[in-house]
Amino acid sequence: MPQFVRNDIMSLVGEAPEHDLAESLGPDLLLGELLGGDSGWQETRLGYGTPAGAPALRSVIADLHGVDEGDVVVTIGGMHALFLLGYILCGNGEQAVITTPAFPPARDVLVSVGARLRTLPLGFDDRYRLDPKELAGLLSPATRLVSLASPHNPSGVATPRATLAELLSAMSTHCPEAFLLVDETYRCAVYGDDPIAPSAATMSPRVVVTGSLSKCHGAPGVRVGWAITRDAQLREQLVLGKFGSVIANSAVDEMLAQRVLQRADDIVGARRLRLGAGLARTTAWAERHAALVEWVRPDAGALCCIRLRPDVFDAGGVARFHVELARRHARVGDGSWFGDQARVFRLGFGLPEPDRLDVALDVLTDALHRARLTAA
């Protein structure tokens, strides 16, 4: 009997086309940028790590979130954290509340562990803004987990701290035993000199924050993520769950992760400049082609949502657009991957070099015009 859900977003970890506007991250960090001529890696012991994660690594993660080292559990990527939380809190068929559209594995992992899902749709016309009163209407005494991402994937829209506070207040009334999961994978991926929002980790003991090195730091190949909780019982379950499934992280990955985070200001700082330039190019492109597309400006991340105008493209035109893209060796993140409308797509502007981004956006424009002309 199949336990896991298939989603075509998995194609992103396959062979990439020439013009890749589907990715949600920036360029990969090179190992030489971390190690250089430093031979300290030769002293890394290749034995078992601790189930909670290397103390030095947990300390760095804690400092970046304003919490204590003991609040941090290191996981094998952010998805491992999401899986453990889903299994611990909803693995016996408990109720979970999630918004949609959403990063497919974040939703699918809850389905896979047997959670009973209640879903709140977020709309393009509402700029993917979460209404805490609407979400509160889905809460019940059976709710054990409310799962959000801020900034949101696929839109890059962040949930304001005041909204999270209002939601926590509603949870304390309707489901006091539930936890609010805030995936902060894109929190530090802001644009240029924009300020980084504070972590939600300090807001309440009922908040769990997850993150990883994948999106802001350019190191998805270093399989390190984390869960942060100030609830001692949940933290113990996370450590036990990690030990019972994978025992510990790779010592090499933990060593590399520590170096990445110790240099986070430099690494993220350079990428923020690139993201700012990519956002500026995307903004100009969307404004030039407002007769064909609409868009939602993101708050952070290397991604945004674009919608083919309903008054220009019917369902057939939307399908032809994706065919035209494939013919031009290009792709975007299909909205159906995330549970959104087919005419919406995620555009990733952080991966291509700036000049290649311009070329890719020109390819996108050509596909739009071709799909429209064919419709006419």
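The rules behind each value
Residue indices follow the written sequence of each chain, beginning from 1 at its first position. Since the coordinates come from a predicted model, pLDDT governs what is reported: local features require at least 70, and pairs of side-chain atoms require 80 or more to be given and counted, while whole-chain, interface and lining totals use all residues. To obtain the side-chain values, all non-hydrogen atoms of the structure were used and water was disregarded. Helix numbering and strand numbering both begin at the N terminus, where a helix is a DSSP run of H or I of at least 4 residues and a strand a DSSP run of E of at least 2. Working definition: with a 1.4 Å probe on protein chains only, accessible area under 20% of the residue-type maximum means buried, over 50% means exposed, and in between means partly exposed. Side-chain atoms alone can form a polar contact between residues adjacent in sequence; in general such a contact is a pair of N or O atoms within 3.5 Å, and within protein one must be able to donate a hydrogen while the other accepts it. Residues count as neighbours in contact if any of their non-hydrogen atoms are within 4.5 Å of one another. Two strands pair under a simple rule: DSSP has to find at least two bridges between them. For crossovers, right-handed means that the path from the first strand over the helix to the second runs clockwise, given strands pointing away from the viewer. Lines fitted to C-alpha atoms define the axes, with helix axes restricted to the stretch in contact, and inter-axis angles between N-to-C directions lie between 0 and 180 degrees. Oblique is the label for any angle not covered by the other classes, which are roughly parallel (under 35 degrees), roughly antiparallel (over 145) and roughly perpendicular (65 to 115). Two helices crossing with the near one rotated counterclockwise from the far one by less than a right angle form a left-handed crossing, whereas a clockwise rotation gives a right-handed crossing. When residues are sorted by character, Ala, Val, Leu, Ile, Met, Phe, Trp, Tyr, Cys and Pro go into the nonpolar class, Asp, Glu, Lys and Arg into the charged class, and all the rest, Gly among them, into the polar class. A 1.4 Å probe that fits into a set of points on a 1 Å grid over the protein atoms alone but cannot get out defines a cavity; an open set with protein on both sides within 12 Å along at least five of seven lines defines a pocket, and lining residues are those with an atom within 4 Å of a point. Grid points are joined across faces, edges and corners, and a volume is the space filled by probe spheres set on the points. Definition of nonpolar core: a set of buried residues of the types Ala, Val, Leu, Ile, Met, Phe, Trp, Tyr and Cys, connected through side-chain atoms within 4.5 Å. The term salt bridge refers to a side-chain nitrogen of Lys or Arg lying within 4 Å of a carboxyl oxygen of Asp or Glu.

Engineer: Would you take a moment to explain the side chain of Asp231 for this structure?
Structural biologist: Following the sequence through the fold, Asp231 ends up in the loop between strand 8 (225-229) and helix 7 (232-245). Look at Asp231 and you get buried, because its relative accessible area is 18%. Here the side chain of Asp231 touches Gln233 through a polar contact of 3.3 Å, landing on its backbone nitrogen. Within the local environment of Asp231, its side chain forms a polar contact with the backbone nitrogen of Leu234, the two atoms lying 2.8 Å apart. Not counting chain neighbours up to four residues away, the residues in contact with Asp231 comprise Phe179, Pro205 and Arg206.

Engineer: Would you explain unusual backbone geometry in this entry?
Structural biologist: Comment: phi is negative for the bulk of residues other than glycine, and the bulk of peptide bonds are trans. Cis geometry marks the peptide bond from Thr100 to Pro101; its omega dihedral reads 5°. Mapping Pro101 onto the fold places it in the loop between strand 3 (95-100) and helix 4 (104-112). In this chain, Ser150 is followed by Pro151 through a cis amide linkage whose omega measures 0°. Mapped onto the secondary structure, Pro151 falls in the loop between strand 5 (143-149) and helix 6 (161-174). The phi dihedral of Tyr128 falls on the positive side, at around 60°, and the residue is not glycine. Secondary-structure assignment places Tyr128 in the loop between strand 4 (116-121) and helix 5 (132-136). On the accessibility criterion, Tyr128 (3% relative accessible area) is buried. Residues other than glycine seldom take positive phi values, yet His329 does so here, at roughly 55°. Relative to the helices and strands, His329 is located in the loop between helix 10 (315-327) and strand 11 (330-334).

Engineer: Would you mind showing me how to read the pairing of strand 5 here?
Structural biologist: The side chains of a regular strand alternate, residue by residue, between the two faces of the sheet. Of all seven residues making up strand 5, five are buried, and the element is well covered by its neighbours. Direction of pairing for strand 3 relative to strand 5: parallel, over a ladder of four bridges. Of the residues in strand 5, the one forming a bridge with Ile98 is Ser147. Between the parallel elements strand 5 and strand 6 (residues 179-183), the chain passes through helix 6 in a crossover that is right-handed.

Engineer: Could you clarify how one ought to interpret the sheet that holds strand 7 (residues 207-212) in this entry?
Structural biologist: Within a sheet, each strand pairs with its neighbour through backbone hydrogen bonds, oriented either parallel or antiparallel. Ordered by their spatial adjacency, seven strands build an open sheet running 2-8-7-6-5-3-4, and the pairing between neighbours is mixed. In the strand order of this sheet, the two ends are held by strand 2 (72-75) and strand 4, each with one partner. Each strand of the sheet is rotated relative to its neighbour by a mean of 20°, with strand direction disregarded. Taken together, the five bridges between strand 5 and strand 6 define a ladder with parallel strand orientation. When the sheet's bridge partners are listed, Val146 is paired in strand 6 with Leu180. Set on the sheet, helix 3 (residues 77-90) makes contact with strand 2, strand 3, strand 5, strand 6, strand 7 and strand 8; between it and strand 7 the angle comes to about 155°.

Engineer: What exactly am I supposed to notice about the packing of helix 2 (residues 55-65) against helix 8 (residues 251-262) here?
Structural biologist: Geometrically, a packed helix pair is captured by the angle between its two axes and the distance between the axes. At a closest axis distance of 9 Å, the pairing of helix 2 and helix 8 adopts a crossing angle of 30°. Taken together, the axes of helix 2 and helix 8 lie roughly parallel to each other. For helix 2 against helix 8, the interelement crossing comes out left-handed. For the pair formed by helix 2 and helix 8, the contact residues are Ala56, Leu57, Val60, Ile61 and Leu64 on the first element and Glu254, Ala257, Gln258, Leu261 and Gln262 on the second. Its residues assigned to classes, the contact of helix 2 with helix 8 comprises seven nonpolar, two polar and one charged.

Engineer: What is the right way to read empty space enclosed by the protein from this model?
Structural biologist: If a probe as big as a water molecule is rolled over the atoms, it shows which places are left empty. By the definition in use, this model includes three cavities of 30 Å³ or more. What lines the largest cavity is a set of 17 residues, among which Gly26, Lys215, Cys216, Arg271 and Leu275 lie closest to the centre. Residue composition of the lining of the largest cavity, grouped by class: nine nonpolar, four polar and four charged. Space inside the second largest cavity adds up to approximately 40 Å³. Lining of the second largest cavity is provided by Arg274, Ala277, Gly278, Arg281, Phe349, Gly350, Pro352, Pro354 and Leu357. Breaking the lining of the second largest cavity down by element, the ones donating at least two residues are helix 9 (264-288) and helix 11 (354-375). Among the elements that take part in the lining of the second largest cavity, helix 9 stands out by supplying four residues, more than any other.

Engineer: What exactly am I supposed to notice about the nonpolar core here?
Structural biologist: Nonpolar side chains tend toward joint burial in soluble globular proteins. Residues Leu135, Leu139, Val146, Met171, Leu180 and Leu213 are the most contacted members of the largest nonpolar core, which totals 50 residues. Setting aside residues no more than four positions away along its own chain, Met171 makes contact with Leu139, Val146, Pro176, Ala178, Phe179 and Leu180.

Engineer: Would you mind showing me how to read the pattern of salt bridges here?
Structural biologist: Once their charged atoms are close, side chains differing in charge can pair, the charge on each being opposite to the other. If you walk through the whole model with that rule in mind, you get 18 salt bridges. Connected via shared salt-bridge partners are Glu324, Arg327, Arg328 and Asp366.

Engineer: What's the story with the environment of Ala342 in this structure? I'm lost.
Structural biologist: Here Ala342 is to be found in the loop between strand 11 and strand 12 (344-348). Given a relative accessible area of 46%, Ala342 falls into the partly exposed group. Along the backbone, Ala342 and Ala257 are 85 residues apart, and their C-alpha atoms lie at a distance of 37 Å. Beyond its immediate sequence surroundings of up to four residues, Ala342 is in contact with Val318, His322 and Asp334.

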